[in-house]
There are 2 protein chains.
Amino acid sequence: MTTRVTLQDVADAAHLSLATASKALNGTGHIAAHTRRLVQTTAQELGYQQRTAAEKRIVRQQSGLIGLVSADLEGRFSMPALAGAEDTLGVANHAVLLTNSRGDPQIERNHIDQMAARGVDGLLILGGETDARPPVKPSTVLGIPIVYVYAPSTDPADSSITVDNGLAGQAAINHLLGQGRTHIAILAGPEYYAATKDRVKGAEQAMAEAGLRFSAPTRYGNWHESWGRVATNLLIESGEQVDGLYCLNDMLARGAIESFLEHGIRVPEDVAVIGHDNWSVTATECRIPITTFDNNMREMGRKAARMLLSAIKGRPQRGMTLMDCSLIIRESTVSKR
Amino acid sequence: MTTRVTLQDVADAAHLSLATASKALNGTGHIAAHTRRLVQTTAQELGYQQRTAAEKRIVRQQSGLIGLVSADLEGRFSMPALAGAEDTLGVANHAVLLTNSRGDPQIERNHIDQMAARGVDGLLILGGETDARPPVKPSTVLGIPIVYVYAPSTDPADSSITVDNGLAGQAAINHLLGQGRTHIAILAGPEYYAATKDRVKGAEQAMAEAGLRFSAPTRYGNWHESWGRVATNLLIESGEQVDGLYCLNDMLARGAIESFLEHGIRVPEDVAVIGHDNWSVTATECRIPITTFDNNMREMGRKAARMLLSAIKGRPQRGMTLMDCSLIIRESTVSKR
């Protein structure tokens, strides 16, 4: 049997009452800033932090409330994840408290404080991009289990879930190779996104494994259809011979397809074009329906909620969970004939 | 001074104890179904229902919780409204409890029951279309204030807020007339949507006021870009002369523009095309950016939340509140030159 540090130990070490120590750590009541810091430092030194979640589970009646903090309430990535989380939590009879942090760390902190005050059992924190983000400060969450969704935490000890963009990049190239394409290029969005880097890296790896090199330099720009058109016009004007184009989202793919068709270049006969995101309007409404990857965001939301429920029961799944994207094959890479 | 019916009056009239009458109306405790019905009927006959909200405000401590019931968590109409509601409620220090009814009345009822059990102060009920919907049963909500958003309630005594599609239809035609167009036609989605009917009616009214008739029959189909292309091909093949086309959403407008351009018909020089919804990807990414109407859904969400907060304070705004759409003028109706 191991000896565990209790809140009483922290209070004793700081020469304070149990009530004051509790208030200081829980952010309730009026406590002088220096007292709060003293308690927090003492708790940290004694290693109290680590067992708060377990203690809370015993001490506190579960509220059945889950806090869902979204960075982007109108986002087309976070929304399906939010819907998926609600799928799981609704069935598990948990109520969802929703807030919009607008990606602002200060607002996020305030919202989490308010949710903690309402006694949430756990927090799902949804980002709008796959770029890793700093974790919420321990002094803010005080042991409430968290799962980071889509935008993972930079702390490997946290529970995070996102998509495996590297694997998707590999799969994109392998699909093009499988269609007999060997003159391949990438049309990308902004270079600094993790999604961009991971997909490009995966694609490079698959090309290297096939003993091939890209037939044109990767063109970076933005995520808009207009850039897809412009970049493809540049590609055509350059005279670079390409029979497979991996576009890092569906809007780029749509712009590329429109540009190829305008220049009398057939898709997929002359160039196979593959996109990313399976955004229905863009991918299916294009004159040539687009082969693309579905990020399975709704399923990710469901899975994240299950991970959180498990963490609340004391079985956290630490580290990064990567979910596979699904390849949806349409006419832009495989001719109907 | 008016005499108001109290819960005691209802209990007396039903020959029951105050506690039983309260339980029956609040859905708490174990009450036989016939007793519940008796109390509900008696309450209705005595006109007790109308003041439940006011009583609850006195009796019950406000929870600061607002229930948000969405019919469509991934919907591109309800999501901005949800974000707008959160804007207002967050600032007002109300927490938002979110559930997804998936448009199923039974699920909606269950979710509202659970929210009532958590003591929500009010409910925002978001629909995915402007078609009116039956109100939630009084026995389910028992006096909790409700505002119906986007999909209004069929009961004119309820508080509802949606867009004024009739006015938008008029404004669309008047904009085309203002650009010197007199040979006008409508390209529509499904005929049975309230949004379709209201926009067409508004357009017809504006044409009648201008002493004009449509130059082609209104073509009904679905909301997809492909139908926009097909319908416009039909229009061109028919030989009907049109210099202004009112498309009832942006995807139809985009399909129409693509079809016109393919046939060498210039937009807007030969035909001005106007859309609806200001869906950024479709409206701005089209080769000819699309003049369209913004439904101001986020502002609607904010306004709905203010209406609800007002109702919670005992000042409900009954009936239908119609919000204006905003005309966003782009190149599809007004040439840059």
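Residues numbered from 1 in each chain as written. Chains lettered and ligands numbered in written order. Predicted model: local features only at pLDDT ≥ 70, side-chain atom pairs only at ≥ 80, totals over all residues. Heavy atoms only, no water.

Enquirer: Explain the interface of chain A and chain B to me, using residue names and the numbers behind them.
Expert: In this complex, chain A contributes 37 residues to the contact, which on the side of chain B involves 37 residues. Between chain A and chain B, roughly 3,000 Å² of surface is buried when both sides are summed, and carbon and sulfur atoms account for 47% of that area. Where chain A packs against chain B, one counts 8 salt bridges. Ionic pairing is found between B:Arg254 and A:Glu225, a salt bridge with its closest N-O pair at 2.3 Å. At the junction of chain A and chain B, the tally comes to 22 residue pairs in polar contact (both at pLDDT 80 or more). Breaking the side of chain A that touches chain B down by element, the ones donating at least two residues are helix H5 (78-91), strand E2 (95-100), helix H6 (105-117), helix H10 (225-238), helix H11 (250-262) and helix H12 (280-285) of chain A. Residue classes in the side of chain A that touches chain B are distributed as 14 nonpolar, 10 polar and 13 charged. As judged from the 3 bridges shared by E2(A) and strand E2 (residues 95-100) of chain B, these two strands associate in the antiparallel manner. Across the sheet, the residue bridging to A:Leu98 is B:Val96, located in E2(B). (Contact = heavy atoms within 4.5 Å. Buried area = accessible area lost by both parts, 1.4 Å probe. Salt bridge = Lys/Arg side-chain N within 4 Å of Asp/Glu carboxyl O. Polar contact = N/O pair within 3.5 Å; in protein donor to acceptor, adjacent residues only side chain to side chain. Helix = DSSP H or I, 4+ residues; strand = E, 2+ residues; numbered from the N terminus. Nonpolar A, V, L, I, M, F, W, Y, C, P; charged D, E, K, R; others polar. Pairing = 2+ DSSP bridges.)

Enquirer: Provide a residue-level description of the packing of helix H5 (residues 78-91) of chain B against helix H13 (residues 297-312) of chain B, including the pertinent values.
Expert: All names here are of chain B. At a minimum axis distance of 6 Å, the contact between H5 and H13 shows a crossing angle of 45°. Classified by the interaxial angle, the pair formed by H5 and H13 is oblique. As H5 runs across H13, the sense of the crossing is right-handed. Seen from H5, the contacting residues are Pro80, Ala81, Ala83, Gly84, Ala85, Asp87, Thr88 and Leu89; seen from H13, they are Met297, Arg298, Gly301, Arg302, Ala305, Arg306 and Leu309. (Axes fitted to C-alpha atoms, helices over the stretch in contact; angles between N-to-C directions. Parallel < 35°, antiparallel > 145°, perpendicular 65-115°, else oblique. Left-handed = near helix turned anticlockwise from the far one by under 90°.)

Enquirer: Describe the sheet that holds strand E6 (residues 184-187) of chain B, listing the residues and the values that go with them.
Expert: All names here are of chain B. An order of E6-E7-E8 is seen for the 3 strands of this open sheet, with the pairing classed as parallel. Edge positions in the sheet fall to E6 and strand E8 (272-274), since each of these pairs with one other strand and no more. Within this sheet the neighbouring strands show an average axis-to-axis angle of 20°, counted without direction. With 3 bridges joining them, strand E7 (residues 244-247) and E8 adopt parallel strand pairing. Paired with Gly244 across the strands is Ala272, a residue of E8. In this fold helix H10 (residues 225-238) packs onto E6 and E7, with an angle of close to 145° to the strand it touches most, E6. Across the sheet, helix H11 (residues 250-262) lies against E6, E7 and E8, angled at about 145° from E7, the strand it touches most.

Enquirer: Go over the relation of the copies chain A and chain B, please, and point to the residues and values.
Expert: Here chain A sits on chain B after a turn of 179° about the axis and a move of 0.1 Å along it, with an RMSD of 0.5 Å. Such a turn and shift between the copies fits a two-fold axis. When C-alpha positions in chain A are compared against the rotation axis, the closest is assigned to A:Leu97, at 2.5 Å. Of the residues that chain A buries at the interface, 100% are likewise interface residues in chain B, meaning the two copies contact each other through the same surface. (Least-squares fit on C-alpha atoms with pLDDT ≥ 70 in both.)

Enquirer: Residue-level account of the packing of aromatic side chains, with values.
Expert: Per the stated rule, a full pass over the model turns up 5 aromatic pairs over all chains. Residues A:Tyr193 and A:Trp223 carry aromatic rings whose centres are separated by 5.5 Å and whose planes lie at 75° to one another, so their mutual orientation is edge-to-face. Of the two residues, A:Tyr193 sits in the loop between strand E6 (184-187) and helix H9 (194-209) while A:Trp223 sits in the loop between H9 and H10, which places them 30 residues apart along the sequence. For the residue pair A:Tyr193 and A:Trp223, the accessibility class agrees, reading buried in each case. The interplanar angle of 75° and the centroid separation of 6.0 Å between the aromatic rings of A:Trp279 and B:Trp279 together place this pair among those described as edge-to-face. (Phe/Tyr/Trp six-rings, centres within 6.5 Å; stacked < 30°, edge-to-face > 60°. Buried < 20%, exposed > 50% of the residue type's maximum accessible area, 1.4 Å probe, protein only.)

Enquirer: Can you lay out the domain arrangement of chain A for me, pointing to particular residues and giving the numbers?
Expert: For chain A, the domain assignment lists domain 1 (7-58), domain 2 (63-163 + 297-324) and domain 3 (165-294). Using only C-alpha atoms to locate each centre, domain 1 of chain A and domain 3 of chain A end up separated by 54 Å. (Domains from an automatic or database assignment.)

Enquirer: Can you lay out the nonpolar core for me, pointing to particular residues and giving the numbers?
Expert: Among soluble globular proteins, nonpolar side chains are generally buried collectively. Counting 136 residues, the largest nonpolar core has A:Leu124, A:Leu245, B:Leu124 and B:Leu245 as the members making the most contacts within it. With near-sequence residues (within four places) excluded, A:Leu245 lies in contact with A:Leu176, A:Ala185, A:Ile186, A:Leu187, A:Thr232, A:Leu235, A:Ala256, A:Phe260, A:Val271, A:Ala272, A:Val273 and A:Ile274. Listed in part, the 28 residues of the second largest apolar core include A:Ala95, A:Ile146, B:Leu65 and B:Ile144. (Core = buried A, V, L, I, M, F, W, Y, C linked by side-chain atoms within 4.5 Å.)

Enquirer: Describe the pattern of salt bridges, naming the residues involved and giving the relevant values.
Expert: By the definition in use, this model includes 31 salt bridges over all chains. One salt bridge connects A:Glu86 with B:Arg102, and the closest N-O pair in it is separated by 3.5 Å. Residue A:Glu86 is located in helix H5, and its partner B:Arg102 is located in the loop between E2 and helix H6 (105-117); the two belong to separate chains. Judged by relative accessible area, B:Arg102 falls into the partly exposed class, the value being 39%. In this structure, A:Asp87 engages A:Arg298 in a salt bridge whose closest nitrogen and oxygen atoms are separated by 2.9 Å. Taken as a pair, A:Asp87 in helix H5 and A:Arg298 in helix H13 (residues 297-312) lie far apart in primary sequence, 211 residues in all.

Enquirer: Go over the side chain of B:Arg133 with me, naming the residues and quoting the values.
Expert: Of note, B:Arg133 is situated in the loop between strand E3 (122-126) and helix H7 (138-141). There is a polar contact of 2.7 Å between the side chain of B:Arg133 and the side chain of B:Glu108.

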